[in-house]
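# Notes for the structure review
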Amino acid sequence: MHTQPKTILITGAGSGIGQACAEYFLDRGYQVGLIGRKINKLEGVAKNQPNALVLPADVSDAEQVKEVFERAYAKMERIDVLFNNAGSSSESRTIDETSIEDWRRVVDVNLTGAFLCARMAFRLMRVQSPQGGRIINNGSISAHVPRPGSVPYTATKHGITGLTRTLSLDGRPFNIACGQIDIGNALTELAAPMTQGTPQADGSVRKEPTIDVTQVAGSVFHMAELPLDANIQFMTVMATSMPYIGRG
């Protein structure tokens with residue numbers, strides 16, 4: 001058995017949920033590969049952290065993903081966990097007002113990016129010794145129900161659920177577990193406008209409750225720490241009173 005610190009690769013690690021998770025795992029002794037487009041933000045997260053590895057890449061670019069996964073594997077010697085977190089959204093619009101460019105951009109990052117990263121993680125986890133590992137996909141409350149005007153984002157998050165289920169099945173022979181965390185209203189820079197008011201299904205604009213992003217990081221950590229013969233298939237972490245359960 002390997003005695004090195006456990007390892008995790010986190011996409012979208014330069015800000016928001018990805019940053020919070022990276023810092024949480026680093027504080028608990030993990031080797032953390034920080035994947036993201038903005039090297040200055042990744043370096044900010046990695047500062048004074050000997051267990052942090054900065055891996056600048058666009059997750060929608062297959063060659064860049066391949067290069068950083070191979071570099072991480074060479075440095076860390078194995079990959080225990082991938083947190084497929086990188087995501088993008090678009091302005092709230094009905095489908096007829098949604099540009100093809102916005103659709104493709106969101107699909108490229110949210111769905112193709114998750115596929116490319118999971119593909120490389122699966123490949124490496126399958127051949128490493130001891131065999132296996134864990135892939136955690138960041139879904140969303142939108143993997144269950146949409147917000148108004150969110151066709152690209154919601155479609156990709158439903159797609160993430162399909163990816164999660166298939167990887168869970170295909171990973172069984174290789175000791176690769178896959179689960180999904182669906183997050184609602186974690187207070188990051190992206191979610192800050194919710195505290196001022198956000199469009200609702202009935203056409204109104206209302207403030208929504210949020211949760212500390214550290215609660216999300218702790219939940220991802222719990223999923224990651226399970227032995228590979230146990231799996232949290234789906235976890236929902238959300239602000240208790242946000243408009244999701246019932247009529248909101």
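See the structure above.
Residues numbered from 1 in each chain as written. Predicted model: local features only at pLDDT ≥ 70, side-chain atom pairs only at ≥ 80, totals over all residues. Heavy atoms only, no water.

This part takes up the overall build of the protein. Looking only at helices and strands, the protein features six helices and eleven strands. Scaling as 2.2 N^0.38, a compact globule of 248 residues should have a C-alpha radius of gyration of about 18 Å, and the protein matches this with 18 Å. Principal axes of the C-alpha set define a box for the protein whose edges measure 55 × 35 × 35 Å. Here the analysis covers contacts within the protein between residues at least 6 apart in sequence; of these, 67% occur between residues at least 24 apart. Just so you have it, the protein exposes about 12,200 Å², and 51% of that area is on carbon and sulfur atoms. Distance from the positive charge centre (24 side chains) to the negative charge centre (24 side chains) of the protein: 3 Å. (Helix = DSSP H or I, 4+ residues; strand = E, 2+ residues; numbered from the N terminus. Rg over C-alpha atoms; globule rule 2.2 N^0.38 Å. Contact = heavy atoms within 4.5 Å. Areas by Shrake-Rupley, 256 points an atom, 1.4 Å probe, with all protein chains shown as cover. Lys, Arg positive; Asp, Glu negative; His and termini not counted. Charge placed at Lys NZ, Arg CZ, Asp CG, Glu CD.)

The subject of this paragraph is the sheet that holds strand β11 (residues 234-238). Strand order across the open sheet formed by seven strands is β3-β2-β1-β4-β5-β6-β11, with parallel pairing between neighbours. A strand with exactly one partner marks an edge of an open sheet, and here the two such strands are β3 (52-56) and β11. Each neighbouring strand pair of the sheet contributes to a mean axis angle of 20°, computed without reference to strand direction. Alignment of strand β5 (residues 133-138) against strand β6 (residues 176-184), held across six bridges, turns out to be parallel. Each residue of the ladder has a partner; that of Ile136, found in β6, is Gly179. (Pairing = 2+ DSSP bridges. Axes fitted to C-alpha atoms, helices over the stretch in contact; angles between N-to-C directions.)

With that settled, consider the nonpolar core. In terms of nonpolar packing, the biggest core is built from 40 residues, with Val32, Leu34, Phe83, Ile181 and Val216 touching the most fellow members. Those residues in contact with Leu34 that sit more than four places away from it in its chain are Ile10, Ala13, Ala22, Leu42, Val45, Ala46, Ala52, Leu53, Val54, Leu55 and Pro56. Membership of the second largest hydrophobic core comes to 31 residues, among which are Ala86, Leu116, Ala118 and Leu167. (Core = buried A, V, L, I, M, F, W, Y, C linked by side-chain atoms within 4.5 Å. Buried < 20%, exposed > 50% of the residue type's maximum accessible area, 1.4 Å probe, protein only.)

With their axes 9 Å apart at the nearest point, helix α1 (residues 16-27) and helix α6 (residues 213-225) run at an angle of 60° to one another. In terms of their interaxial angle, α1 and α6 are classed as oblique. In the packing of α1 onto α6, the handedness of the crossing is right-handed. Residues Ile17, Ala20, Cys21, Tyr24 and Phe25 of α1 form the contact with α6, whose participating residues are Val213, Thr214, Val216, Ala217, Gly218, Val220, Phe221 and Ala224. Considering only residue class, the contact of α1 with α6 consists of eleven nonpolar, two polar and no charged. (Parallel < 35°, antiparallel > 145°, perpendicular 65-115°, else oblique. Left-handed = near helix turned anticlockwise from the far one by under 90°. Nonpolar A, V, L, I, M, F, W, Y, C, P; charged D, E, K, R; others polar.)

With 15 residues, helix α3 (residues 62-76) should cover 21 Å at 1.5 Å per step; its first-to-last C-alpha distance of 21 Å lies within 8% of that length. Those residues of α3 that are buried lie in contact with β1 (7-11), β2 (31-36), β3, β4 (81-84) and α4 (100-127). Here α3 starts with a cap whose side-chain oxygen sits 3.0 Å from the backbone nitrogen of Glu63, and that cap is Asp61. Where α3 terminates, the next one or two residues include Glu77, which has phi positive at roughly 75°. (Expected span 1.5 Å × (residues − 1). Polar contact = N/O pair within 3.5 Å; in protein donor to acceptor, adjacent residues only side chain to side chain.)

Counting buried residues along β2, six of its six residues qualify, which places the element largely inside the surrounding structure. Covered by surrounding structure in β2 are Gln31, Gly33 and Ile35 together with Val32, Leu34 and Gly36, the residues of both alternating faces. In this sheet, β2 lies alongside β1 in parallel orientation, the contact comprising five bridges. In the strand pairing of β2, Thr11 is matched with Ile35. A crossover links β1 with its parallel partner β2, the connecting element being α1, and its sense is right-handed. As defined by bridge partners, β2 adjoins β3 across five bridges and the pair is classed as parallel. Directly across from Leu34, in β3, lies its bridge partner Val54. In terms of handedness, the path from β2 via helix α2 (residues 39-46) over to β3 forms a crossover that is right-handed. (Right-handed = clockwise from strand over helix to strand, strands pointing away.)

Taken as a whole, this structure holds eight salt bridges when the rule is applied. Taking the shortest distance from any N to any O, the salt bridge between Arg105 and Asp102 comes out at 3.3 Å. Of this pair, Arg105 and Asp102 both sit in helix α4, three residues apart, roughly one helical turn. We classify Arg105 as partly exposed; its relative accessible area is 33%. Overall, Asp102 belongs to the buried group, its relative accessible area being 17%. (Salt bridge = Lys/Arg side-chain N within 4 Å of Asp/Glu carboxyl O.)

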